[in-house]
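Below, each chain spelled out in residue letters.
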Amino acid sequence: GSGWNTLHLTELQEPSRIREYMNEIDAALPMLEQDRQRFLDLALLRTEQALAEAQRLSFEVVARQNAMAGTLQKLFIEFRYKLLLYGAGFIALVTGLGYLMVSHMRAEHALRKATTRLVDIAELERARDEAVRANRVKDSFMANVSHELRTPLNAIIGFSEMLREPYCGPLNDKQREYVEDIHSAGQRLLALINDLLDLSRLRAGKYELLETEIDLNRMVQSAIRDMREAIRKAGISVTVSVPKQPVVVRADARKLRQVIDNLLANSLKFTESGGSARIVVESPEDPSEGPRIVVADTGIGIAPEDIPRVFRPFEQVDGALARKHQGTGLGLPLVKAFVDLHGGTVDMASVLGEGTTVTVTLPPERLMPGLSPGDDRKDVLPLPARRVDEG
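Before going into details, it helps to say that this report is about the structure given with it. Note that the structure is predicted; figures quoted are calculated from it, not measured.

1. What about the overall build of the protein?
Of regular secondary structure, the protein possesses 10 helices and 8 strands. Within the span of the protein, comprising 391 residues, buried residues form 38% of the whole. The contacts of the protein with a sequence gap of at least 6 include a subset with a gap of at least 24, amounting to 76%. Entry remark: accessible area of the protein is about 23,000 Å², with carbon and sulfur atoms responsible for 55%.

2. Brief notes about the environment of E125
Relative to the helices and strands, E125 resides in helix α4 (residues 121-164). Taking the C-alpha atoms as reference, E125 lies 9.4 Å from L111; in sequence the two are 14 residues apart.

3. Describing the pairing of strand β3 (residues 248-252)
Counting buried residues in β3 gives 4 out of 5 residues, a clear majority hidden from the surface. Taken together, the 5 bridges between strand β1 (residues 211-215) and β3 define a ladder with antiparallel strand orientation. Each residue of the ladder has a partner; that of T212, found in β3, is A251.

4. Structural notes on the packing of helix α6 (residues 216-226) against helix α8 (residues 253-269)
Put simply, α6 and α8 touch, their axes get as near as 10 Å, and they point 50 degrees apart. Here α6 lies oblique to α8, going by the angle between them. Remark: the crossing between α6 and α8 carries right-handed chirality. Seen from α6, the contacting residues are L216, M219, V220, S222, A223, I224 and D226; seen from α8, they are A253, L256, R257, I260, D261 and L264.

5. With respect to the pattern of salt bridges
Applying the stated rule across the entire model yields 16 salt bridges. Across the salt bridge formed by R232 and E229, the nearest N and O atoms sit 2.4 Å from each other. Of the two residues, R232 and E229 are both situated in helix α7 (residues 228-234); the distance of 3 residues between them amounts to about one turn of the helix. For the salt bridge of D261 with R257, the shortest nitrogen-to-oxygen distance reads 2.9 Å. Placement of both D261 and R257 in helix α8 is noted, with a separation of 4 residues, approximately one turn of the helix. Look at the salt bridges and you will find they share partners, linking R17, E53 and R56 into a network.

6. Topic: the nonpolar core
Membership of the largest hydrophobic core comes to 64 residues, with the highest contact counts inside it found for L256, I260, L263, I279 and M348. Ranked by residues supplied to this core, first place goes to helix α5 (residues 173-203) with 10 residues. When residues no more than four places from it in sequence are discounted, the contact partners of L263 are V295, L332, V335, V358 and V360. I25, A28, M31 and A43 belong to the second largest nonpolar core, which has 5 residues in total.

7. A closer look at the side chain of T359
Examined against the element boundaries, T359 turns out to sit in strand β7 (residues 355-361). Note on T359: relative accessible area 18%, which makes it buried. With near-sequence residues (within four places) excluded, T359 lies in contact with R292, I293, V294, T345, V346 and D347.

Each value, and the rule that gives it
- Residues numbered from 1 in each chain as written.
- Predicted model: local features only at pLDDT ≥ 70, side-chain atom pairs only at ≥ 80, totals over all residues.
- Heavy atoms only, no water.
- Helix = DSSP H or I, 4+ residues; strand = E, 2+ residues; numbered from the N terminus.
- Buried < 20%, exposed > 50% of the residue type's maximum accessible area, 1.4 Å probe, protein only.
- Contact = heavy atoms within 4.5 Å.
- Areas by Shrake-Rupley, 256 points an atom, 1.4 Å probe, with all protein chains shown as cover.
- Pairing = 2+ DSSP bridges.
- Axes fitted to C-alpha atoms, helices over the stretch in contact; angles between N-to-C directions.
- Parallel < 35°, antiparallel > 145°, perpendicular 65-115°, else oblique.
- Left-handed = near helix turned anticlockwise from the far one by under 90°.
- Salt bridge = Lys/Arg side-chain N within 4 Å of Asp/Glu carboxyl O.
- Core = buried A, V, L, I, M, F, W, Y, C linked by side-chain atoms within 4.5 Å.

Dropping the structure here:
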């Protein structure tokens, strides 16, 4: 056999006993001419004893091989358990992060209530100090948690990606399914952490705009191109309409792209298969009006009284259709916060059961001069459920 399954077999007594029995038979060969029956009896006895020792040796080898296989299986199970344990630990940390942010918002609400209703200066100072302390704790926690969460989480994602490749040996179907679950959960956790950190920095006033000149037409088309696979899986048709001339604005490219991505993701999430969505870039003729990005869909819609709630962090509208979609309730709050940073507005119109239209309007001074607003539009770019055509 190979080296791993005969390890330490030289320590066993059976091989030496078998050799002793065979040597005794060899030594008794002269007896064959003098007393044939006595030699046969001795040879038969030693042969039976050797066979018994050989059988015990075979059982011992099999037992050691089984022990080695069990040890390898146990090591693999422990490794997989540690990966799952890390994932559970990060879920607990993210839950604590969310709780801390909710606690901070409650403290701010208490401060506003005390300012309007209380006249006792001491009580006002106490509430103010409590909010300041909560804000400092949150800021300190955010500064530390960014590294503490992202570094090991990236390690988990990296290890799961390595396990998907044949570096550690082949996986069976069940093991491959577990590794894929770990990888996708890690990616969702990383996206959630980034959203929480963005929201925290926005509320602390630490976000600064890195403004450049941006062509809204190209940015929208790029967003649609990047979401091609998500559109296909959602089974809806997406239509893009942009002016013939570029609509160039001065804005923060990353934040404006995140606004478009979040609005498109919301439409895909809350529109049933077979529905449709439309994204339009508008450059009005009136110079007092700013450029607009409109995202409309035929999704489940929102009751008018619930519209203000969807722009609050961690809030989700109740309803049988809405509850079946996972989410943290941070997409639209981040949209509004990023648009506010640019001095723009976000308006939502929705009819329950019919669809939703979200309009992002940027200030007119962000439209770069020398362009021709209100030009004729390009041909509409249809994006069917199974294929995305780019124009």
